[in-house]
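Structural characterization, general
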Amino acid sequence: MSQSLEGKRTLLLKLRQESELGGGEARIKKQHETGKYTARERIERLVDPGSFLEFDRFVVHKSQNLGDAKFLGDGVVTGIATINGQKIAIFSQDFTCWGGALGAAHAKKICKIMDFALENRIPMIGINDSGGARIQEGVEGLAGYGEIFYRNVKCSGVIPQISLIMGPCAGGAVYSPALTDFIFMVEKTSYMFVTGPDVIKTVTHEDVTKEALGGARTHSEISGVAQFNVPSEDECFERVRELLSYIPPANFTKATPKYTSDIVYRDNVKIKETVPANPKKPYDMKEIIFDVVDDAQFLEVHKDYAKNIIVGFASVGGIKIGIVANQPAVLAGVLDIASSEKAARFVRFCDAFDIPILTLVDVPGFLPGTNQEYGGIIKHGSKLLYAYSEATVPLISIITRKSYGGAYLVMASKHIKTDVNLAYPTAEIAVMGAEGAVNIIYRHELEGLTGKAFDDKKAQLIADYEEKFANPYRAAELGFMDAVILPEETRKRVYEYLIALKNKKQEKPKRKHGNIQL
Ligand code: HXC
């Protein structure tokens, strides 16, 4: 006898309820005890209330090696939803089912939602909480990862991809996030490593805790793998929503304006004297950023890594922009391996997603030393040069103070096709700083002098050099600076140039792709 309508409805509701429980109540309790939300709770907290539409909640694995153990949904929740009213696609791994480990069916669900995101040009968000490839499924788990990695690369530069690390992510579980645009890690509950502490102990005899090996601090401060380190899962959801508010849903999609009540034509009175007259005195570039952007709102990316350069998102007069800025308060704002890579990746993200870039320059050059040379500063530094040179989004730069040598060229100079180059009156554009230059070009004149005679002569040569080179006017005479502006004029100028560059179109010669120094 066929089931009654009521019976059919009851079965569906029962299956739904079963799938809600993932790996069961005991494992959910354990998940909560370790300070983590479940896969479903995470989605609920991240997306707009009531907007989640789930896919594939009754999928189960077909593996012979897992016995009768089956969990509806196979350890991952997938679907679409909205965040700030904008459609997104999402997967959230369920640690209560085999530790979120990835088998064939689990991988297929992730691939399906990634394909949906790509075809519909909406951002893809992955919440990762996984022990890696599901051991019992052997090569099928590995194959699943391969399919995901392939899609990560296919989506790259087409839709934004954001990874939230919310538990131990090992083995294959780290490489998919690594291929995405932004990684968020939660302090004390999230880890990323290719091989865990036990394997390391066996192979290299090193003793290391999982926190030190792959915790949120390690990856946000030392390795630079993670762009954001957040104290809690709730804070993480907040930051992800904020990030999404600055970026368009896909490439070739113009960003919508950001709401602001901040007056565009206000003077930046606060930063009139931020740049000190003494070129050796440090100052905080963030003071300039916060005063120039709307409502002092700046979402810093990679905040704790390579702090000698600052990158992040903001808006000016509602126009969403990326900001790259040397930080004279840290290592005098020098360019080194880490800061070059950090900024290059950010510039390429902005360029891929049509986000104009404002560059604030105060850079004494590239960091000298064997550490840097042996580490490949030549190839890593070239990444930033490459990234700016290939960028076709509107580019505006302002030299606030030092801009010396190769670093002058790299930091969005006119010569690599920045649209608008501005300088403050405090700008110094030269091959190198005054003292270094005098030591080289006036070596013979200084030879033989001692004591006061030496000091006086050197001081006079430095003063002459500074008068001749340590200003923006030689570059302005040559058209390398489009205008010299006062700091208090910054916001309105930036806004006006952004408006003027709104329809910028720059053609590049046809090619398959360039060959950036990787
Ligand atoms: C199957 C797994 C699993 C896995 C964990 N589990 N990892 N099941 N395959 N890879 C299961 C456990 O058996 C357990 O099941 C549950 O998940 C929770 O695991 P616990 O160990 O109890 O939790 P915890 O102490 O928090 O430790 C979590 C962990 C640890 C750090 C992730 O389980 C771990 O080290 N797992 C192995 C990680 C790893 O080496 N992965 C690499 C796989 S190879 P029950 O039934 O008790 O709940 C790989 C290669 C891909 O990924 C390469 C692509 C480039």
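Residues numbered from 1 in each chain as written. Predicted model: local features only at pLDDT ≥ 70, side-chain atom pairs only at ≥ 80, totals over all residues. Heavy atoms only, no water.

**Concerning the packing of aromatic side chains**
- For the structure on display, the rule yields 15 aromatic pairs.
- Each ring, one from Phe184 and one from Phe228, has its centre 4.3 Å from the other, and the planes form 10°; the classification is stacked. One end of the pair, Phe184, is in strand β7 (residues 182–186); the other, Phe228, is in strand β9 (residues 228–230), with 44 residues separating them in the sequence.
- For the pair Phe313 and Phe349, a centre-to-centre distance of 6.1 Å together with 75° between the ring planes defines the contact as edge-to-face. Of this pair, Phe313 sits in strand β11 (residues 309–316) while Phe349 sits in helix α12 (residues 337–352), placing them 36 residues apart in sequence. The same class applies to Phe313 and to Phe349, which are both buried.
- Grouped by ring-pair contacts, the aromatic residues Phe182, Phe184, Phe228, Tyr246, Phe313, Phe346, Phe349 and Phe353 constitute a single cluster.
- Just above the ring of Phe95 sits the side chain of Lys36; from NZ or CZ to the centre is 4.2 Å.
- For the cation-ring pair, Arg45 lies above Tyr37, with the distance from its terminal atom to the ring centre recorded as 4.0 Å. (Phe/Tyr/Trp six-rings, centres within 6.5 Å; stacked < 30°, edge-to-face > 60°. Helix = DSSP H or I, 4+ residues; strand = E, 2+ residues; numbered from the N terminus. Buried < 20%, exposed > 50% of the residue type's maximum accessible area, 1.4 Å probe, protein only. Lys NZ or Arg CZ within 6 Å of the ring centre and 35° of its normal.)

**A few points about the site of the ligand**
- Around the ligand there are 19 residues in total, and Arg27, Gly99, Gly131, Ala133 and Gly172 lie nearest to it.
- In the model, an oxygen atom of the ligand is placed 2.9 Å from a nitrogen or oxygen of the Gly99 main chain.
- A distance of 2.7 Å is found between a nitrogen atom of the ligand and a backbone nitrogen or oxygen belonging to Gly131.
- Burial of the ligand by the protein amounts to 55% of the accessible area it has alone, namely 1,000 Å².
- Class assignment for the residues of the shell around the ligand results in 10 nonpolar, six polar and three charged. (Near = heavy atom within 4 Å. Polar contact = N/O pair within 3.5 Å; in protein donor to acceptor, adjacent residues only side chain to side chain. Areas by Shrake-Rupley, 256 points an atom, 1.4 Å probe, with all protein chains shown as cover. Nonpolar A, V, L, I, M, F, W, Y, C, P; charged D, E, K, R; others polar.)

**Observations regarding the pattern of salt bridges**
- All told, the structure shown has 35 salt bridges when counted by the stated rule.
- With a closest N to O distance of 3.0 Å, Glu147 and Arg151 form a salt bridge. In this pair, Glu147 and Arg151 are both assigned in helix α5 (residues 139–155), four residues apart and thus about one turn of the helix distant.
- We classify Glu147 as partly exposed; its relative accessible area is 42%.
- With relative accessibility at 17%, the residue Arg151 sits in the buried group.
- Its salt-bridge partner being Lys457, residue Glu445 comes within 3.9 Å of it at the nearest N-O pair. Linking Glu445 in helix α17 (residues 443–446) with Lys457 in helix α18 (residues 451–469), this pair joins segments that are 12 residues apart in sequence. (Salt bridge = Lys/Arg side-chain N within 4 Å of Asp/Glu carboxyl O.)

Keep in mind that these numbers describe shape and distance, not what the molecule does.
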